[in-house]
Each structure stands twice: as structure tokens, then as C-alpha cells.
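Here are the chains, one letter per residue:
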Amino acid sequence: TASGYKTETGSATIEINPIGTVECSADDVSVTYDGDPHGIGVQVTTPTSGSTIEYRTDPTAEWTSTNPTVTDVTDEAVTVYYRVSAPGYTAATGSADILITPATITYTAEDFTTTYDGGFYGINVQVTAPTSGSSIQYRYDDETTWSAVNPTFTTGTHTVYWKLVGDNNHTD
């Protein structure tokens, strides 16, 4: 202190207001299973540069810079929460859902006709997609039990029923 002067203290307020609030949005994602990972796309309109996007799938989890993706069919949509921040702006938050629905199994199936020659013959059913993870089951005439064995016959006319059994990502 300077000689002869009493010490005084005080305070002053500095207020720096944000430029504004970050403006952003994200659309829900709904796709048929294709084997590829799918994430949300967050569009930031304000500010036009310098923003940081963070994500999480649990509303109480820590934020991360990794955009979560979903590849396989799930029982319900996966909600992705996002937070966008930028220097000088108030951060904004939101959420969008990712839903992957089962794909349809694709196949070829053919009738078969021939003249008796003593050989055993059956129908030809080929699954073209997916290339793995599905199966074909058969039954014939009045049978009620499905089997993985394609029935074969040497004579007569028979009706062979077939069904395609998909994995979790494909409909039966």
C-alpha cells in the first residue's frame, strides 16, 4: 500500500454474451438391412464452421466424438443423442433414431418335369440373398412336418412346398 492510503477492494462484473445458439438438426434413419453400418447425419446451419459434434446412445453416458452406427436389424429403433458446440455459441442438443428393418430373402425356384429313367428327382430352390445365414425347409403332398431335406421321387406327380427361413436380418 502507498503510505498514508487505506487499502480498498472491490469487484466488477464482466459479461460476455454468446453470439447466439448453435442451430442444427438430424433426420431419423430408416433403412432395409443391407449389411452396411448406418449412422445419423447432423446438419449444422449456425455457425457455418468451427463446430464440434458429440454423440451418445444413452442419455446419461459420456459424450464421444464417434458417431454410433447400426448395421443389423434391432427390435426397436436406436436413439442417438447429439450435442453441437462452437466457440462463442450456446450449445444445442437433439436426437435422431436409427431403424434397420429386415430385408426380404431373394430366391429362384423351378418346377421339374422329366420322363421316368429310374433316377431320383426333386425341385430346385436357390437362395440368392443372403448368401449365408438362411435355410430352406420342405414338405410334400399332405405332410405337415417341415424338413431340411429336399424330398426326391422316382415316379408320380408330387407337390413340394418350401419355405425360406431367414436370419435376424431377413424376413422368412
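Description of the structure in this document. As the structure is a computational prediction, the values presented were derived from the model and not from experiment.

1. Examining unusual backbone geometry
Negative phi values dominate among residues other than glycine, just as trans dominates among peptide bonds.
Reasoning step 1: Following Thr46, the chain continues to Pro47 via a peptide bond in cis, the omega torsion being 0°.
Reasoning step 2: Locating Pro47 in the fold gives a position in the loop between β4 (42-46) and β5 (52-56).
Reasoning step 3: Of note, the amide linkage connecting Ala129 to Pro130 takes the cis form, showing an omega dihedral of 5°.
Reasoning step 4: Locating Pro130 in the fold gives a position in the loop between β11 (124-129) and β12 (135-140).
Reasoning step 5: At Asp141, a position not held by glycine, the phi torsion is positive, near 45°.
Reasoning step 6: The residue Asp141 is located in the loop between β12 and β13 (160-165) in this model.

2. Side note on the packing of aromatic side chains
Reasoning step 1: As enumerated under the stated definition, the model contains three aromatic pairs in all.
Reasoning step 2: Seen from their ring centres, Phe112 and Tyr121 are 4.9 Å apart, and the 20° between their planes marks the pair as stacked.
Reasoning step 3: On the basis of relative accessibility, which here comes to 44%, the residue Phe112 falls in the partly exposed class.
Reasoning step 4: In this arrangement the basic side chain of Arg56 is found over the ring face of Trp63, its NZ or CZ atom lying 3.9 Å from the centre.
Reasoning step 5: In this arrangement the basic side chain of Arg139 is found over the ring face of Tyr161, its NZ or CZ atom lying 4.6 Å from the centre.

Parameters and conventions
Residues numbered from 1 in each chain as written. Predicted model: local features only at pLDDT ≥ 70, side-chain atom pairs only at ≥ 80, totals over all residues. Heavy atoms only, no water. Helix = DSSP H or I, 4+ residues; strand = E, 2+ residues; numbered from the N terminus. Phe/Tyr/Trp six-rings, centres within 6.5 Å; stacked < 30°, edge-to-face > 60°. Buried < 20%, exposed > 50% of the residue type's maximum accessible area, 1.4 Å probe, protein only. Lys NZ or Arg CZ within 6 Å of the ring centre and 35° of its normal.

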